[in-house]
Structure formats: C-alpha cells, structure tokens
Amino acid sequence: TSTAEVVVINRSADYLVKHGTPYLPASLITDWQHYNPYLPLMELFGLPREAGFPGLLGDPRIWTSLVTVAALTAAFALVVPGAGRDRRRAVAALAAISVASPLVAFPLTVGVTDPPIIALTCLTLALAGARPRPQFLRAALVLAVACAMKSTAWAVVPVLAVMAWVRASHRTAVKFTGTVIGAAVVLALAAAPNALATPDAIKQNLIDYPLGTSKFKTVASSPLPGHLISQLGHAGRLTVDALLVLALVAFAAWLLARPPRDARDATVRLIVLYAVLFTLAPSTRYGYYAY
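Read on for an overview of the structure. This one's a predicted model, so the numbers in the text were calculated from it and none came from an experiment.

Attention shifts here to the side chain of D114. Looking at the element boundaries, D114 is found in helix 6 (residues 114–128). Engagement of the side chain of D114 in a polar contact is seen with the side chain of K150, the distance being 2.7 Å. Of note is the side chain of D114, whose polar atom sits 3.2 Å from the side chain of R285. The contacts of D114, once residues within four sequence positions are left out, are K150, R285, Y288 and Y291.

A few words on helix 9 (residues 170–191). End to end, helix 9 covers 31 Å across 22 residues, agreeing with the expected 32 Å (1.5 Å per residue, within 8%). If you follow the buried residues of helix 9, they end up packed against helix 1 (4–19), helix 7 (136–147) and helix 8 (156–167).

To continue, consider the state of the cysteines. Counting across every chain of the model gives zero disulfides. Note on C122: no disulfide assigned, nearest cysteine sulfur contributed by C147 at a separation of 14 Å. According to the relative accessible area criterion, C147 is buried, its value standing at 1%.

Turning our attention to the nonpolar core. Counting residues in hydrophobic clusters, the biggest one holds 57 residues, and the most contacted among them are L160 and F176. At nine residues, helix 6 tops the list of elements feeding residues into this core. Once residues lying within four places of it in the same chain are set aside, the contact partners of L160 are T124, L125, A128, F136, F176 and A266. Counting residues in hydrophobic clusters, the runner-up holds seven residues, among them L39, A195, A201 and I202.

Our focus in this paragraph is helix 8. Taking 1.5 Å as the rise per residue, helix 8 with 12 residues should run 16 Å; its terminal C-alpha atoms sit 16 Å apart, in good agreement. Turning to helix 8, the residues buried within the fold contact helix 6, helix 7, helix 9, helix 12 (234–257) and helix 13 (263–280).

What follows covers the packing of helix 4 (residues 84–100) against helix 5 (residues 102–110). Where helix 4 contacts helix 5, the two axes come as close as 4 Å, and the packing angle between them is 60°. Between helix 4 and helix 5, the crossing angle belongs to the class labelled oblique. Together, S98, V99 and A100 of helix 4 and P102, V104, A105 and L108 of helix 5 make up the contact between the two elements.

Here we take up the pattern of salt bridges. Throughout the structure, instances matching the rule amount to seven salt bridges. Close ionic contact of R285 with E5 constitutes a salt bridge, the shortest N to O distance being 4.0 Å. Residue R285 is located in the segment after helix 13, and its partner E5 is located in helix 1; the two are separated by 280 residues in the primary sequence. As far as burial versus exposure is concerned, R285 and E5 are alike and both buried. A salt bridge links R285 to D114, with the nearest nitrogen and oxygen atoms 3.2 Å apart. Linking R285 in the segment after helix 13 with D114 in helix 6, this pair joins segments that are 171 residues apart in sequence. Taking relative accessible area as the criterion, D114 reaches 2% and is therefore assigned buried.

What counts and what doesn't
Numbering of residues starts from 1 in every chain and runs along the sequence as written. Per-residue local features are limited, in this predicted model, to residues with pLDDT of at least 70; the limit for side-chain atom pairs, both in listing and counting, is 80 or more; totals at the level of whole chains, interfaces and linings are taken over all residues. Hydrogens and water are ignored here; the side-chain numbers use all heavy atoms of the structure. Put simply, DSSP H or I for four residues or longer makes a helix, DSSP E for two residues or longer makes a strand, and each gets a number counted from the N terminus. Identification of polar contacts relies on pairs of N or O atoms within 3.5 Å, with a donor-acceptor requirement for protein atoms, meaning one able to donate a hydrogen and the other able to accept it, and with residues adjacent in sequence counted only if both atoms are side-chain atoms. Residues are treated as being in contact if the distance between any of their heavy atoms lies within 4.5 Å. Helix span is expected to be 1.5 Å times the residue number reduced by one. In this description, a disulfide is simply a cysteine sulfur pair whose atoms lie within 2.5 Å. We call a residue buried when its accessible area falls under 20% of the maximum for its residue type, exposed when it is over 50%, and partly exposed in between, using a 1.4 Å probe and counting protein chains only. We call a set of buried residues a nonpolar core when its members are Ala, Val, Leu, Ile, Met, Phe, Trp, Tyr or Cys and they connect through side-chain atoms within 4.5 Å of each other. Lines fitted to the C-alpha atoms define the axes, with helices restricted to the stretch that makes contact. Angles between their N-to-C directions range from 0 to 180 degrees. Angle categories: roughly parallel below 35 degrees, roughly antiparallel above 145, roughly perpendicular from 65 to 115, and oblique for all the rest. By definition here, a salt bridge exists when the distance from a side-chain nitrogen of Lys or Arg to a carboxyl oxygen of Asp or Glu is within 4 Å.

Printed below as a string of structure tokens:
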C-alpha cells in the first residue's frame, strides 16, 4: 500500500520528467496530496519507477532505505575505533541496530522521507567531528545533498558553521556555509531545471503548505502546542510566529554563548533546536521527533 509520501514522490517524479519541475501549479492542486513540500532532489527516489523498474525496484521506499543504510554505515565507519575484522563487525552491528530501531525502521517501511535525511545528518556530524582533523568540506557536501532533499536539513547549517568557526577559523566556517548553499542550489537546479520558471508553484508547495497557509491543509497535523495555538485565529497565528522568533533568537544566543566544540555538542544543539521547532510549528506531526 502506498502512503501519502510515496504517492507525492511518484506523482512529482512523473511531473518532473514531463515538465522539468516537481511542483504542480495551483490549477492542478485539488487536494492536500497534490502539494509537494520536498526539495527537488527528493524526487530522484521516484525516477526508477518512471524509468520502468518493476515491482519493488520501482518503489521509492527501497531507494530511501538504501541511502539510509549506506549513510548510517559510513557514519559508524568514521567513528568506530580499531581496525580489522572486529571493527568491520562493530560497524555492521551498529548500522543494523540503528536501522532496525523503531525510529528508523517504521518510517522506512511506511515511506516517510525523514530517515535518509537523519542518516545523512549523522554522516555529516561524523565527518565534522572526525579526528584528528575535522572534514568540514566533505561534511558540507554530504549536508548539501540532504538540504537539496528536504528543508529540515537546513537547521544543521548554522550549528556546524559555528562549530567550524570554533574548531578551525572563520574562513573555514564561511567556506563550509558557502559550500553547503552552493552545492545544494546546484543539485536542486540540476534535478529540477524548470522549477524557477514557476515561482508561484514553489511558494505554494514549499512555503504555504508547510506553514499551513495553503488552500488545502495537511491531515497529518498533530495536536502539538504550535498547531493548537495557531487554530485560535489570527491572534493565534501571530502568537505562534512570535514564539518561533523568540525561540530562534534564544537558540542563536545560546549557540554563540556556548558554541559546539565537537560532534557531541553539535548533536545536543540540534536535538534542542529540532524539538523546539517541531513543538511550536503551526503544521507538524509527532513523527518529526524521530530527528
């Protein structure tokens, strides 16, 4: 059975192949499943089906699972010490345990698109925290792939940029940020060359729908504080916006006052940031806490 995420990816990939953009215009959006809140690189998971791959090979869930497993395995390979057969066994065991955990296995099974983003973020953190020398350029390239798939990955950029500043220099931080932005833009444009020709479609799919201001609303909204407050009318929306701004300002102050110095510190910052954003967002679901 295809879940909403699988339906969206397949439909968007079909539209991408035909029109060079995965975002339907307003005239073709007749229900909430016609919106595509993903960034262009996510639609690549739907291209095997468009290429005529049969059965499971044409299911986006197979490809999101492969990316997740590969990224998590690579992340553990960077952080597990030692050498030889014992190390390889440890890496394989940790990767298997992480993929089999409910936080990853369940979303992968039903077709939720967050596991590959989470796995790529783990690989990014492993590269940025590599010893004896952090690999910020490689981390930036991996993060750019995630950022070209889903907007949730962009939260990682400022945290690791500050870490790069502290661990290396301001030039490294600027280079890291510029590489992420530049590579993500190039990947997105390469995946959807005609997307910029329809700015209104981009706004409706990538901004209005995730913020809950589109014509058709998602049915996946969970009764979290941000969603409940936003349902109180105009005053509720203003309150949620104000709370989000205050939370971001407070987080930025904390990030600068206590900058992360290693991957563990950066992970803690990201946990707090994601938890606050998903709690206060006007349109979100419990499943995002998997991050």
